[in-house]
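The primary structure of each chain is shown beneath.
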Amino acid sequence: MNIVVGITGGIAAYKAVNVVRAFVLAGHSVQVVATDAALRFVGKPTLEAISRNPVHTDLYEGVAEVRHVAIGQAADLIVVAPATANFIAQLAGGFAADLLGNTILASAAPLVIAPAMHTEMWQNAATVANVATLRSRGIHIVGPAVGQLTGADSGAGRMSEPDEIVAAALAVVEPATVEPAAGDLVGRRIVVTAGGTREPLDPVRFIGNRSSGKQGVALALAAAARGAEVTLIGANLEVEVSDGTGAGDTSAQSIVVQRVGTSLELSDAVTAAALKADVVIMAAAVADYRPESVAEAKIKKETQGDILQLTLVKNPDILHDLSAARSASNRAGQTIIGFAAETETDPEALLALGRAKIARKGCDYLVLNSVGWTTGFATDGNAVKILDSAGDIVGEASGSKKTVADRILDLLAR
Ligand code: CTP
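Numbering of residues starts from 1 in every chain and runs along the sequence as written. With the structure being a predicted model, the display of local features is reserved for residues of pLDDT at least 70 and the display and counting of side-chain atom pairs for 80 or more, all residues being used for whole-chain, interface and lining totals. Hydrogen atoms and water are omitted, and side-chain values are computed over all heavy atoms in the structure.

With respect to the overall build of the chain
Along the chain, the regular secondary structure elements total 14 helices and 19 strands. For the chain, whose C-alpha radius of gyration is 24 Å, the value lies close to the compact-globule estimate of 22 Å for 414 residues. A principal-axis box enclosing the C-alpha atoms of the chain has dimensions of 70 × 60 × 40 Å. Here's how the labels work: a residue is buried when its accessible area is under 20% of the maximum for its type, exposed when over 50%, partly exposed in between, all with a 1.4 Å probe on protein chains only. Counting every position in the chain, which comprises 414 residues, the buried fraction comes to 49%. Sequence-distant contacts, at least 24 apart, represent 71% of the contacts inside the chain between residues at least 6 apart. For accessible areas, the Shrake-Rupley method is used with a probe of radius 1.4 Å. Any residue's cover is judged against the shown protein chains and nothing else. For the chain, the accessible area works out to roughly 19,300 Å², and carbon and sulfur atoms hold 52% of it. Looking at charge distribution, the chain has the averaged site of its 34 positive side-chain charges lying 2 Å from that of its 43 negative ones. Secondary structure elements follow DSSP: runs of H or I of four or more residues count as helices, runs of E of two or more count as strands, with numbering from the N terminus. Two things to know: the radius of gyration comes from C-alpha atoms, and the globule rule equals 2.2 Å times the number of residues to the power 0.38. Contact criterion: two residues are considered in contact whenever any of their non-hydrogen atoms come within 4.5 Å of each other. Neither His nor the chain ends is counted toward charge; the positive residues are Lys and Arg and the negative residues Asp and Glu. For this purpose, a charge sits on NZ of Lys, CZ of Arg, CG of Asp or CD of Glu.

Here we look at the pattern of salt bridges
Just to be clear on terms, a salt bridge is a Lys or Arg side-chain nitrogen sitting within 4 Å of an Asp or Glu carboxyl oxygen. All chains considered together, the criterion is met by 13 salt bridges. Note that arginine 226 and aspartate 406 form a salt bridge whose closest N and O atoms lie 2.8 Å from each other. Taken together, the positions of arginine 226 in the loop between α9 (214–225) and β11 (229–235) and aspartate 406 in helix α14 (residues 401–413) put the pair 180 residues apart, joining distant regions of the chain. In this structure, the salt-bridge partner of lysine 385 is glutamate 396, at a minimum N-O distance of 3.8 Å. Of this pair, lysine 385 sits in strand β18 (residues 381–388) while glutamate 396 sits in strand β19 (residues 393–400); the two residues are 11 residues apart in sequence, bridging distant segments of the chain. Looking at glutamate 396, the relative accessible area reads 54%, which means it is exposed.

Quick notes on the confidence of the model for the chain
One number per residue, pLDDT, summarises how confident the predictor is, and it ranges from 0 to 100. Here the chain averages 90 in pLDDT, while 93% of its residues score no lower than 70. Note on residues 244–250: pLDDT is under 50 here. Beyond four places in sequence and across chains, it has five contacts.

Notes on the sheet that holds strand β8 (residues 189–195)
Through backbone hydrogen bonds, the strands of a sheet pair up, either in parallel or in antiparallel fashion. Should DSSP find at least two bridges between two strands, the strands are taken to pair. The strand order across the open sheet built from eight strands is β12-β11-β8-β13-β16-β17-β18-β19, with neighbouring strands paired in mixed fashion. Either end of the sheet is taken by a strand with one partner, and the two such strands are β12 (255–260) and β19. Taking each pair of neighbouring strands and ignoring which way they run, the sheet shows an average axis angle of 15°. Fitted lines through C-alpha atoms give the axes, limited to the stretch in contact for helices. The angle between two N-to-C directions lies from 0 to 180 degrees. Packed onto the sheet, α9 meets β8, β11, β12, β13 (279–282), β16 (335–342) and β18 and runs at close to 160° relative to β8.

Notes on the packing of helix α1 (residues 13–25) against helix α8 (residues 162–173)
Across the interface, α1 lies against α8 with an axial gap of 8 Å and an inter-helix angle of 45°. Overall, the two elements α1 and α8 adopt an arrangement that is oblique. The two elements α1 and α8 meet at a crossing, and its hand is right-handed. Here Lys15, Asn18, Val19, Ala22 and Phe23 of α1 come into contact with α8, specifically with Pro162, Ile165, Val166, Ala169 and Leu170. Its residues assigned to classes, the contact of α1 with α8 shows eight nonpolar, one polar and one charged. Relative orientations are named as follows: roughly parallel for angles under 35 degrees, roughly antiparallel for angles over 145 degrees, roughly perpendicular for angles from 65 to 115 degrees, and oblique for any other angle. A crossing counts as left-handed when the near helix is turned anticlockwise from the far one by less than a right angle, and as right-handed when that turn is clockwise. Polar here means any residue other than Ala, Val, Leu, Ile, Met, Phe, Trp, Tyr, Cys and Pro, which are nonpolar, and Asp, Glu, Lys and Arg, which are charged; Gly is therefore polar.

As for the site of the ligand
Note on definitions. A residue lies near a molecule or strand when any single heavy atom of the residue is within 4 Å of it. Surveying the vicinity of the ligand reveals 14 residues, the closest of which are Met282, Ala284, Leu319, Lys357 and Lys361. Throughout this description, a polar contact denotes any pair of N or O atoms lying within 3.5 Å of each other; where both atoms belong to protein, one of them has to be capable of donating a hydrogen while the other can accept it, and for residues adjacent in sequence the pair is counted only when both atoms sit in side chains. Interatomic distance of 3.0 Å between a backbone N/O atom of alanine 341 and an oxygen atom of the ligand. Lysine 361 places a polar side-chain atom, nitrogen or oxygen, 2.5 Å from an oxygen atom of the ligand. Protein contacts shield 79% of the accessible area of the ligand, which totals 570 Å² for the unbound molecule. Every element with two or more residues in the shell around the ligand is listed here: α12 (318–328), β16 and α13 (347–361). Among the elements that line the shell around the ligand, the one with the most residues is β16, at four residues. Across the shell around the ligand, the residue classes break down as nine nonpolar, one polar and four charged.

A few points about the packing of α1 against helix α2 (residues 44–51)
Contact geometry for α1 and α2: axes closest at 9 Å, N-to-C directions at 15°. Regarding the angle of α1 to α2, the classification is roughly parallel. Relative to α2, α1 is oriented so that their crossing is right-handed. Contact with α1, carried on its side by Val17, Val20, Arg21 and Val24, involves Thr46, Leu47, Ile50 and Ser51 of α2 and no other residues of that element.

A few points about the sheet that holds strand β4 (residues 111–115)
Pairing is parallel in the open sheet, where five strands are placed in the order β2-β1-β3-β4-β5. The strands lining the two open edges of the sheet, one partner per strand, are β2 (29–34) and β5 (140–141). Sheet strands touched by helix α4 (residues 85–93): β3 (77–83) and β4. Its angle to β4, the strand with the most contacts, is close to 145°.

Encoded structure:
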């Protein structure tokens, strides 16, 4: 694919080097279009070495080959990272004052931008209106994340991590290009849990999490499409169990769906289903604690006063218990896969958390991903590393949740 990476003038421009690098390593041809301001933050030689192509900046270079429109016309995808407040305003206004503006206006390719700025600028009414304009035009916006900014301050406005930007951008264009999966899981009985459990406080309230179930449902659909007999245990799914092609629910027909609400219900359902499974994949986000008691009637402010104290008790660790039960039974051939949702952003520290988690849980593989206010949960893209029980990285995947699902299932097919 021909990918244009636009870089505008913010301190996060140094992280754009890793965006370019990830696209190149994934086999794409990358043209970098940097603004003059971007080149005050990151060097042209660095970008040329990493992209393996000349970097374009000047509107008046390459005029004979009509470069100001040629780059945009040849693009299959344009990604701007970082996108400053000024660039967002220019884009909303349709300005073509520089090469990047021209490239974007001359292109019919999907456009993905990763904003980066201080919180006040992100929340300024002008930026809010400009971002709404861009969204209404179908421009995809990744982040920004909440975290440490350039100075000592932190808040919303930090550019999303490069692998998240790359995953989200590829997810925009990939659905049409993902190869059909072969029937390499025929005869395998696979149980997948998906979604997020909810722990009731009273008849109308619960403690929950933001998991939508998209990754687990993508796993169930991909496994069914590859011939597996799938049981999907869904906790409060926010997505339809359909193959998304609009051509009918063919793969969903080979999936048995069981709906659950709480962690204890999920535990009962998966423990029973695991007795007859070759593979169990715990993609669900399970509440670690539940209210000690559930009020019969709605909890009222009048009786609680200014402070409401909740006592929570620990839920069973289902993944740990499944792994332990397998060792104690004759299900030695069963493969158990866990997920780890971590908010750690440092890649080394994230790996260390993953290694400690798989050792604690006793499963065969752990799919490690980074979650945050704007990443991981409820998004269309994902970026993961897969660890084996020794803590070694045995797979990496980024892109749409379907792509990530297929890379996880590849391990089983092998
Ligand atoms: N999990 C589980 N039972 C729980 C909590 C989690 O089976 N009570 C499973 C999840 O489905 C996932 C894996 O364990 O496959 C890791 O979940 P995660 O939320 O990342 O870890 P926790 O075990 O909850 O640990 P912590 O919250 O301390 O990181």
